[in-house]
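Listed below are the residues making up each chain.
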Amino acid sequence: MTGFGKIFIVIGIAFIVIGLVWSLFGRLPGDISFKKGNVSFHFPIMTSIVVSIILAIILALVQRFK
């Protein structure tokens, strides 16, 4: 398998993990949600902040041990 194929496999696994983690967080306190009639709007501010912090920590650890 070439290096290019391995990169796609790693990216796919990363997307699966991110999807599972995202479903666990769901709607945290601090997320904005509006519903009026047939229209609903959900903006996950707190979830985005938590995911951003986790990714920053992971990337800092990867870069430190590289």
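What this report covers is the structure whose coordinates are included nearby. In this text, all values refer to a predicted model and were calculated from it rather than measured experimentally.

### A few points about the overall build of the protein chain
Tallying secondary structure elements over the protein chain gives two helices and two strands in all. Reading the protein chain from its N end, one meets helices and strands in the order α-β-β-α. Scaling as 2.2 N^0.38, a compact globule of 66 residues should have a C-alpha radius of gyration of about 11 Å, whereas the protein chain reaches 16 Å, well beyond that. Principal axes of the C-alpha set define a box for the protein chain whose edges measure 50 × 25 × 15 Å. A separation threshold of at least 6 residues defines the contact pool for the protein chain, and within that pool the share at least 24 residues apart is 16%.

### Quick look at the pairing of strand β1 (residues 32-36)
In terms of burial, β1 is a largely surface element, zero of the five residues being buried. Where β1 and strand β2 (residues 39-43) come together, five bridges link them in antiparallel fashion. Directly across from S33, in β2, lies its bridge partner H42.

### Quick word on the side chain of D31
Tracing the chain through its elements places D31 in the loop between α1 (3-25) and β1. Only 3.4 Å separates the side chain of D31 from the backbone nitrogen of I45, close enough to count as a polar contact. Engagement of the side chain of D31 in a polar contact is seen with the backbone nitrogen of M46, the distance being 3.0 Å.

Thresholds, definitions, all that
Residues numbered from 1 in each chain as written. Predicted model: local features only at pLDDT ≥ 70, side-chain atom pairs only at ≥ 80, totals over all residues. Heavy atoms only, no water. Helix = DSSP H or I, 4+ residues; strand = E, 2+ residues; numbered from the N terminus. Rg over C-alpha atoms; globule rule 2.2 N^0.38 Å. Contact = heavy atoms within 4.5 Å. Buried < 20%, exposed > 50% of the residue type's maximum accessible area, 1.4 Å probe, protein only. Pairing = 2+ DSSP bridges. Polar contact = N/O pair within 3.5 Å; in protein donor to acceptor, adjacent residues only side chain to side chain.

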